[in-house]
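Listed below, chain by chain, are the residues.
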Amino acid sequence: MMYAIRHKRSKKFVYGTDKRYPGFRQRTSDSTALLFESYFTAHFEFKERKVSKKLYEIVPVELVVKGEEREHES
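Predicted model only: the values in this text are computed from it and were never measured.

### Things to note about the nonpolar core
Inside soluble globular proteins, nonpolar side chains tend to come together where they are buried. Grouped together as the largest cluster of nonpolar side chains are nine residues: Tyr3, Ile5, Val14, Phe36, Ala42, Phe46, Val51, Tyr56 and Ile58. Once residues lying within four places of it in the same chain are set aside, the contact partners of Ala42 are Tyr3, Ile5, Phe36 and Ile58.

### Digging into the side chain of Gln26
By secondary structure assignment, the location of Gln26 is in strand 3 (residues 25-29). Using a relative accessible area of 12% as the deciding quantity, one classes Gln26 as buried. There is a polar contact of 2.8 Å between the side chain of Gln26 and the side chain of Thr17. Side-chain polar atoms of Gln26 contact the backbone oxygen of Arg49, separated by 3.1 Å. Residue contacts for Gln26: discarding those within four places in its chain leaves Val14, Gly16, Thr17, Arg49, Lys50, Val51 and Tyr56.

### Some words on the pattern of salt bridges
For the structure on display, the rule yields four salt bridges. Ionic pairing is found between Arg6 and Glu57, a salt bridge with its closest N-O pair at 2.9 Å. Here Arg6, found in strand 1 (residues 2-7), pairs with Glu57, found in strand 4 (residues 56-61); they are 51 residues apart in sequence, far enough to count as distant. Residue classification places Glu57 among the partly exposed positions, given a relative accessible area of 24%. Among the salt bridges present, the one from Glu45 reaches Arg49, with a minimum N-O distance of 3.1 Å. Connected through salt bridges with shared partners, the residues Asp18, Arg20 and Arg27 form a single ionic network.

So, how was this worked out
Residues numbered from 1 in each chain as written. Predicted model: local features only at pLDDT ≥ 70, side-chain atom pairs only at ≥ 80, totals over all residues. Heavy atoms only, no water. Core = buried A, V, L, I, M, F, W, Y, C linked by side-chain atoms within 4.5 Å. Buried < 20%, exposed > 50% of the residue type's maximum accessible area, 1.4 Å probe, protein only. Contact = heavy atoms within 4.5 Å. Helix = DSSP H or I, 4+ residues; strand = E, 2+ residues; numbered from the N terminus. Polar contact = N/O pair within 3.5 Å; in protein donor to acceptor, adjacent residues only side chain to side chain. Salt bridge = Lys/Arg side-chain N within 4 Å of Asp/Glu carboxyl O.

Here you go:
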């Protein structure tokens, strides 16, 4: 299982952090996400990127390769 950081209200995933400003700003997207191999790694990055606990959450995600998607349905 893999993990990602997601905005609670918009449901968009964090794909980067803009550190140019005080109080880091999270970059979010519907189609791109940073993936972490364990909850521990996701939690560590959550703290390193100074992500707001009020606005964001760590969620389990599943990565599916599009070409193999049809093979599993058969």
